Every structure is written in C-alpha cells, then in structure tokens.
Amino acid sequence: MTQVKPAPGGRMLTVLRVHLPSEIPIVGCEITPYVLLRRPDGGIFTDDVSEASPVDGYFMRYKCDRRAAVCSVHPTEEATLQCIGCLKSKIPVAKSYHCSAKCFCDAWQHHRVLHERAISALNENGTEEEELFGRFGSGSSSSGIISTALSGSTPNLSQNSGFNNGPTPVYPTGTEKSSGETWFEVGRSRTYTATADDIGHVLRFECVVVDLETRGTVGVPTSVMTSRVIPAPTPTPRRLIPVNTADAMGHFDLDSRTSSFGTFTVLSYNILADTYATSDTYSYCPTWALSWAYRRQNLLREIIGYHADIICLQEVQNNHFEEFFAPELDKHGYQALYKKRTTEVYAGTPQAIDGCATFFRRDRFSHVKKYEVEFNKAAQSLTDAIIPATQKKLALTRLVKDNIALIAVLEAKFGNHGTENPSKRQLLCVANTHINIHHDLKDVKLWQIHTLLKGLEKIAVSADIPMLVCGDFNSIPGSTSHGLLAMGKVDQLHPDLAVDPLGILRPLSKLTHQLPLVSAYSSFARMASVGYDLDHQRRRMDPTTNEPLFTNCTRDFTGTIDYIFYTADSLTVESLLELLDEDSLRKDTALPSPEWSSDHIALLAEFRCTPRVRR
C-alpha cells in the first residue's frame with residue numbers, strides 16, 4: 001500500500017491544475033502537460049520538480065497510460081482489430097473494435113447494417129475527432145479491417161527509436177483496471193511521444209507529489225485524458241523538376257538522390273515562428289496543428305526530406321534554434337549559423353524573438369566567414385547623415401523595424417569540375433534575409449533591400465564569388481523591391497516611389513546594383529524545353545512576371561514574396577522543387593494546415609557552378 005504523508009500544518013507542494021496544450025495527440029509529436037504547482041510557501045510556478053531537484057523535500061512523479069480498446073461484441077475481451085470503414089462512415093469508434101478476425105466475420109451481417117445506415121445518413125452526427133481520425137487514418141484493406149497494435153500487451157518502448165518516453169515500466173503486469181476500463185502504462189516521464197501503437201487509443205497523463213524522504217505519495221494523483229491518437233498527416237511529396245535542357249525529360253526523386261559532382265541544392269523557407277502562429281490569425285487551422293509540438297516535428301520531417309546542401313530558414317525563434325533545429329539538424333550532418341532580429345521594437349519574451357538560420361552540410365561545405373546585417377544600425381547611420389535633428393525621432397520610428405540579414409561565405413568541398421582553374425578554391429556567398437512586412441512601408445522595404453545589395457556588392461568585388469540571395473522579401477513581383485533585385489534598377493516612374501516621406505530613396509538614380517541576379521524559379525517560364533513536368537509547372541507561374549503564382553497562401557493573402565536569386569554569370573539552375581497549386585493544398589486552400597505547417601511554401605533549387613562570363 002502506498003504511504004500518504006500528511007503535510008505539517010497543511011503546507012506542502014500542491015498540484016493546482018493540469019491540462020494539455022492540445023487534446024488531440026499525434027504520432028511522433030511530444031505531449032507535455034501544463035502543470036501548475038503551489039510551493040509550501042504559497043508561490044505559484046510551472047517548472048518541473050524532479051527527484052534530483054526537489055522543492056522543500058517534495059518532487060513530482062509522472063506516468064502516461066494507454067486505454068485498451070474493448071471488443072464491441074464481447075465487452076470482456078480486449079480488441080485486436082478495428083474496422084476502418086466505421087471510422088470513414090463516422091460510426092462511433094467503440095463499435096469498430098473486435099477481439100478477433102472470427103469475431104468480426106461472425107458479426108459481419110449485423111455490422112454491415114451499421115455501415116449502410118451511416119452511409120444513408122450522409123455523415124450526420126460525426127464528431128470532429130472521428131472525422132480527423134478517419135481522414136488521416138491508414139488505408140484500409142478490402143475487408144475494411146486494420147489489424148494493428150490494438151493488443152493488450154505492454155508495448156516495448158525500445159522498439160520506438162527516437163522516442164524517449166521515460167524508463168521502461170517495471171510494474172509486474174503494466175496494467176491497471178478502473179471503472180471497467182483497462183489501462184497500460186506506456187511512459188514514466190513528464191513528456192510522452194505518441195507511437196503508432198497508440199493510434200486509436202485514449203492516453204491518460206497522471207502526476208502526483210512524492211515525499212523525498214518516505215517515497216510516499218502526498219494526496220491523490222491528478223490526471224487528464226486525451227482524445228484518441230491519430231496518425232501524422234502526410235503532405236503530397238514534392239519532386240525536383242529538371243530545367244536544364246539536357247535533363248528536361250525526367251525528374252529526380254528527392255528521397256533517393258544526392259547532389260551530383262559539382263552541383264548543390266539550396267532551400268529557402270519561412271517556417272512561421274510559433275509566436276505568430278495564433279488561432280486568432282489562423283482560425284481556419286485546427287488548434288492541434290498550430291501547436292509547436294506538432295509543427296516542429298512536421299517541419300523537421302519536411303526539411304530533412306528535401307536533402308538540401310544549404311538551408312536558409314526565416315522566422316526561426318531564438319529558443320527553437322538553440323533547443324531544436326540546431327541539435328536536430330546537427331544529427332543529419334548540418335552546421336548552423338544564426339542571426340536573431342534586433343530588439344529595439346520587439347517587446348515580447350527575449351527567447352521568442354525570431355531570426356534567420358542558415359545550415360550547410362559539413363561534407364559538402366566548410367564555413368569561411370559570416371557577416372551580419374542589422375538594418376537598425378544602417379537606419380541610425382542614415383538618419384545621422386541626411387535627416388535634420390528635429391526629425392530624427394520620427395525618421396527612426398519609420399525605419400527601425402528590427403529586420404536583419406545573415407550572410408555566409410562557404411567553401412565547396414566537392415571540387416571545381418568545369419571551372420577555368422580546377423585548383424582554385426570554389427567559394428560561395430549565401431545571403432539569408434527577412435525584409436519588413438508592413439505593406440504601407442514600401443520605401444522601407446526598398447531601402448532595406450538596396451542596403452543589403454550594396455553590402456553584397458562589396459563582398460563580390462573583394463572575393464569575386466558566386467552569390468545566392470534567399471529569403472522572405474515581403475515584396476510581390478512587379479514591386480520596386482522585386483525590380484531592383486531582378487533588374488538591377490527601378491522604374492523611376494513606378495508608383496511605389498511616390499511613398500518616400502523621409503527622402504531616403506533620393507536621388508532615384510542611386511537605386512541600382514551591379515550583381516547579375518536572376519530569380520531561380522523564373523527558369524520554369526524561361527526554358528524552351530517541353531514535357532509534362534515543365535508544362536505542369538508553367539501553369540503554376542504568372543506569365544507576366546515569370547514568378548510562381550504564390551509562395552505565401554493564407555485566407556487574407558495569396559501571392560509570391562519568397563525568392564531564391566542567383567548570380568547568373570557564375571551559376572546555372574539545374575532543377576527546381578515543383579511548385580504547389582491550390583489543389584495541392586487543403587480543400588480550403590489556406591496555410592498553415594495539418595499537412596503543411598507554415599503559411600509559406602519551401603523553395604529549393606539545384607545549381608551548378610559555371611565559368612564566370614566576362615563582360
């Protein structure tokens with residue numbers, strides 16, 4: 001019998017509240033309950049209290065249990081089979097369970113009637129939870145049975161590689177029966193990661209205060225239950241489409257290919273920082289699909305699946321870079337560079353400030369140099385130089401927006417095949433930026449991009465190396481910002497230039513640069529080759545701008561604001577990651593969604609270094 005120690009004077013560590021960030025657990029995603037505690041001195045806190053770091057002689061013990069499914073025909077027997085047809089028809093899930101194949105076959109005549117009635121009811125009375133499970137469940141066999149892990153045995157956690165759900169249960173049976181239900185212990189830590197064995201089952205988290213000296217529990221355990229575990233939604237795979245004339249007859253499989261000798265791939269992706277992923281902004285996305293616990297795993301799975309040699313991410317929160325992306329991508333052979341946004345304007349939690357992260361494969365590149373561009377500093381220098389003292393405060397209010405750029409100079413390790421001098425080091429300059437978002441600050445956007453390009457020009461003159469300029473530019477095709485990047489100059493009659501209250505764009509003749517930049521995705525429109533893949537992608541391009549129809553897709557805005565630009569005199573586009581169309585997204589054609597965890601889509605291009613064209 002567990003000893004319960006009374007607290008002297010009624011003062012002890014107390015559990016005030018336990019709840020889950022999302023009631024719907026997803027396979028492969030961590031679940032960490034929110035636990036609100038009161039110290040013996042009355043202080044309220046949410047930090048974990050481990051046995052190694054007790055509070056006033058107390059610590060917390062956690063447990064996660066899985067509820068066993070019960071046969072719908074023989075309630076005393078545990079289920080081993082589940083009818084997927086029931087889930088798709090929105091029949092109550094309890095009626096989908098059977099203890100054996102014989103049980104299912106014997107009951108089929110009656111069971112079939114349930115299906116017929118459900119079909120005629122046309123999905124009436126279905127719950128959201130059942131809809132999700134049916135929608136994202138595994139494919140069914142012709143008999144409609146899924147014979148997966150609905151057995152009653154305690155799972156072997158060691159088989160679930162990558163999931164750390166605490167020590168293996170040590171109870172003799174690993175089961176607990178209460179109120180006619182059977183529960184199996186599956187984890188003994190505060191955090192639990194749902195496995196495929198949990199699909200279709202309810203999980204129960206339990207926590208209790210333990211006295212460090214007596215090892216006895218204090219008070220009764222506090223528990224909270226989830227809804228049924230569902231499989232992780234799987235987005236439609238995106239292929240790499242060749243645009244080089246010599247290779248334009250086929251496509252590459254991202255899962256099986258690696259960059260060939262002399263080529264490399266670059267990914268650019270705004271991953272949507274958690275601080276911005278709110279239900280108010282994205283009310284159309286299920287709350288569980290907006291949770292960071294879910295999105296981070298889905299994003300990582302997507303990013304790793306592209307097998308890019310260089311990865312440029314925007315909106316990476318400082319804490320998420322340090323605690324998740326850097327260590328996780330390190331496991332896959334990537335070295336990381338990071339630059340967080342400046343904080344003159346930002347007033348939130350310091351750890352939640354976002355920035356740009358650049359990763360590169362150690363076996364393909366080595367790090368040579370890093371440059372950081374803080375547009376706030378450039379704004380201060382600009383106002384000191386051209387703005388009267390009486391107007392500086394107003395000018396800085398308009399110009400200081402915390403945006404930054406991260407520039408990395410890398411050296412290729414894969415040789416210089418096809419270059420003029422094979423013995424010469426092959427360097428590459430990669431810029432990763434996130435430009436100001438405000439629609440009414442077109443002058444600030446253009447000034448930030450011009451400032452970045454002038455800095456890149458200095459690097460190009462000193463090193464004479466190929467360049468990539470990637471990121472979220474918050475500028476649509478046809479804007480002055482896009483024109484400056486793609487054409488090297490702006491149309492001096494463009495209406496955007498009318499917005500310049502500080503005079504920072506004058507004279508307009510200065511708005512130029514000498515870098516021969518070209519948008520990588522314009523290759524889809526420029527290629528003369530024909531074929532199903534290229535024609536299919538051209539239909540996803542805007543014929544007037546030669547850019548994708550969209551890279552950002554929400555209920556409020558659909559358009560292109562993300563780009564990969566390259567210096568066309570030293571790099572050649574070999575292939576591009578296929579574009580999505582609205583049919584490739586969810587039925588409501590808005591991001592983020594359960595399948596795609598950002599409101600942007602990833603862009604990826606494969607390049608080959610070519611002999612520089614002399615002018």
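Above this note sits the structure.
The notes below deal with the structure included here. (Residues numbered from 1 in each chain as written. Predicted model: local features only at pLDDT ≥ 70, side-chain atom pairs only at ≥ 80, totals over all residues. Heavy atoms only, no water.)

Examining the overall build of the protein
Along the protein, the regular secondary structure elements total 13 helices and 30 strands. Within the protein, the proportion of its 615 residues that are buried is 54%. Within the protein, contacts between residues at least 6 apart in sequence are counted, and of these 74% link residues at least 24 apart. As displayed, the protein offers around 27,600 Å² of accessible surface, 53% of which is attributable to carbon and sulfur atoms. (Helix = DSSP H or I, 4+ residues; strand = E, 2+ residues; numbered from the N terminus. Buried < 20%, exposed > 50% of the residue type's maximum accessible area, 1.4 Å probe, protein only. Contact = heavy atoms within 4.5 Å. Areas by Shrake-Rupley, 256 points an atom, 1.4 Å probe, with all protein chains shown as cover.)

Quick look at the sheet that holds strand β28 (residues 562–567)
The strand order across the open sheet built from six strands is β19-β20-β21-β22-β28-β23, with neighbouring strands paired in mixed fashion. Among the strands making up the open sheet, the edge pair consists of β19 (365–374) and β23 (517–519). Looking at each pair of strands side by side, their axes are set apart by 20° on average, direction ignored. The sheet contact formed by strand β21 (residues 427–434) and strand β22 (residues 467–472) spans six bridges and is parallel. Paired with His 434 across the strands is Asp 472, a residue of β22. (Pairing = 2+ DSSP bridges. Axes fitted to C-alpha atoms, helices over the stretch in contact; angles between N-to-C directions.)

A word on the layout of surface pockets
Looking at the largest pocket, its volume works out to about 870 Å³. Taken together, 37 residues form the lining of the largest pocket, with Asn 436, Ile 437, His 438, Lys 445 and Asn 474 sitting closest to its centre. Elements supplying a minimum of two residues to the lining of the largest pocket: α10 (442–463) and α11 (480–487). For the lining of the largest pocket, the residue count by class is 11 nonpolar, 15 polar and 11 charged. (1 Å grid on protein atoms, 1.4 Å probe; cavity = no way out; pocket = protein on both sides within 12 Å on 5 of 7 lines; lining within 4 Å. Points joined across faces, edges and corners; volume = space filled by probe spheres on them. Nonpolar A, V, L, I, M, F, W, Y, C, P; charged D, E, K, R; others polar.)

Focus: the environment of Pro 233
Following the sequence through the fold, Pro 233 ends up in the loop between β13 (217–228) and β14 (240–242). The exposure class assigned to Pro 233 is buried, which follows from its relative accessible area of 2%. Considered as a pair, Pro 233 and Trp 596 are 363 residues apart in the sequence and their alpha carbons are 9.0 Å apart.

Concerning the sheet that holds strand β3 (residues 34–38)
The sheet built from three strands is open, its strands ordered β1-β3-β4 with antiparallel pairing. In the strand order of this sheet, the two ends are held by β1 (14–19) and β4 (44–45), each with one partner. Here β3 runs beside β4; their pairing, made up of two bridges, is antiparallel. Note on β4: the bridge partner recorded for Leu 37 is Phe 45.

Describing the packing of helix α6 (residues 292–305) against helix α7 (residues 318–331)
Between α6 and α7, whose axes approach to 11 Å, the crossing angle comes to 35°. As for how α6 packs across α7, the hand of that crossing is right-handed. Along its contact with α6, which presents Trp 292, Arg 296, Gln 297, Leu 300, Ile 303 and Ile 304, the element α7 presents His 320, Phe 324, Phe 325, Glu 328 and Leu 329. Of the residues contributing to the contact of α6 with α7, the split by class is seven nonpolar, two polar and two charged. (Left-handed = near helix turned anticlockwise from the far one by under 90°.)

Brief notes about the nonpolar core
In a soluble, globular protein the nonpolar side chains are often hidden away together inside. Within the largest apolar cluster, 68 residues are counted, with the highest numbers of intra-cluster contacts made by Phe 264, Ile 310, Leu 468 and Phe 607. Apart from residues lying up to four places away in sequence, Phe 607 is in contact with Gly 262, Thr 263, Phe 264, Val 266, Leu 468, Ala 520, Ile 564, Tyr 566, Leu 571, Thr 572, Val 573 and Glu 574. (Core = buried A, V, L, I, M, F, W, Y, C linked by side-chain atoms within 4.5 Å.)

Observations regarding empty space enclosed by the protein
Going through the model one piece at a time under the given rule, you end up with two cavities of 30 Å³ or more. The computed volume of the largest cavity comes to approximately 50 Å³. Residue lining of the largest cavity: Val 18, Pro 33, Val 35, Tyr 62, Lys 63, Phe 205, Glu 206, Cys 207 and Thr 222, and that is the complete set. When contributions to the lining of the largest cavity are tallied by element, the ones reaching two or more residues are β5 (58–67) and β12 (202–211). Across the lining of the largest cavity, the residue classes tally to six nonpolar, one polar and two charged.

A few points about unusual backbone geometry
Here the residue pair Arg 506 and Pro 507 is connected by a cis peptide bond, since its omega of -5° sits within 30 degrees of zero. Tracing the backbone shows Pro 507 in the loop between α11 and β23. A cis amide bond links Leu 591 with the next residue in sequence, Pro 592, at an omega value of 0°. For Pro 592, the position within the fold is in the loop between β29 (571–577) and β30 (603–609). Here the phi dihedral of Asp 56 falls at roughly 50°; this positive angle occurs in a residue that is not glycine. Within the secondary structure, Asp 56 is located in the loop between β4 and β5. The phi torsion at Asn 546 lies on the positive side, around 60°, for a residue other than glycine. Looking at the secondary structure, you find Asn 546 in the loop between β24 (541–542) and β25 (547–548). Judged by relative accessible area, which is 27%, Asn 546 ranks as partly exposed.

Side note on the pattern of salt bridges
Pairing between side chains of opposite charge can happen when the charged atoms of each approach one another. According to the stated counting rule, one finds 26 salt bridges in the structure shown. Close ionic contact of Arg 296 with Glu 30 constitutes a salt bridge, the shortest N to O distance being 2.5 Å. In this pair, Arg 296 is assigned in helix α6 and Glu 30 in strand β2 (residues 30–31), connecting sequence segments 266 residues apart. Residue Arg 296 is classed as buried on the basis of its relative accessible area of 16%. Where Glu 578 meets Arg 239, a salt bridge forms, and the shortest distance between an N and an O atom there is 3.8 Å. You can see Glu 578 sitting in the loop between β29 and β30 and its partner Arg 239 sitting in the loop between β13 and β14, a full 339 residues away along the chain. Using a relative accessible area of 9% as the deciding quantity, one classes Glu 578 as buried. On the accessibility criterion, Arg 239 (24% relative accessible area) is partly exposed. Counted as one network, the salt bridges with shared partners bring together Lys 339, Lys 370, Glu 372, Glu 374 and Lys 377. (Salt bridge = Lys/Arg side-chain N within 4 Å of Asp/Glu carboxyl O.)

What to know about α10
Its 22 residues place the ends of α10 32 Å apart at the C-alpha level, agreeing with the 32 Å of an ideal helix rising 1.5 Å per residue. A positive backbone phi angle near 55° is found at Asp 464, which sits one or two residues after α10. (Expected span 1.5 Å × (residues − 1).)

Describing the packing of aromatic side chains
Applying the stated criterion across every chain yields a total of 17 aromatic pairs. Centre to centre, the rings of Phe 264 and Phe 365 are 5.8 Å apart; their planes meet at 90°, and the pair counts as edge-to-face. With Phe 264 in strand β15 (residues 263–270) and Phe 365 in strand β19, the pair connects residues that are 101 residues apart, well separated along the chain. No difference in accessibility class separates Phe 264 from Phe 365, as the two residues are buried. (Phe/Tyr/Trp six-rings, centres within 6.5 Å; stacked < 30°, edge-to-face > 60°.)

Concerning the pairing of strand β20 (residues 404–412)
Successive side chains on a regular strand alternate, one facing one side of the sheet and the next facing the other. Counting buried positions along β20 gives eight out of nine residues, so the element sits mostly inside the fold. Summarising the sheet, β19 and β20 pair through nine bridges and their orientation is antiparallel. Residue pairing in the sheet places Glu 374 in a bridge with Ile 404 of β20.

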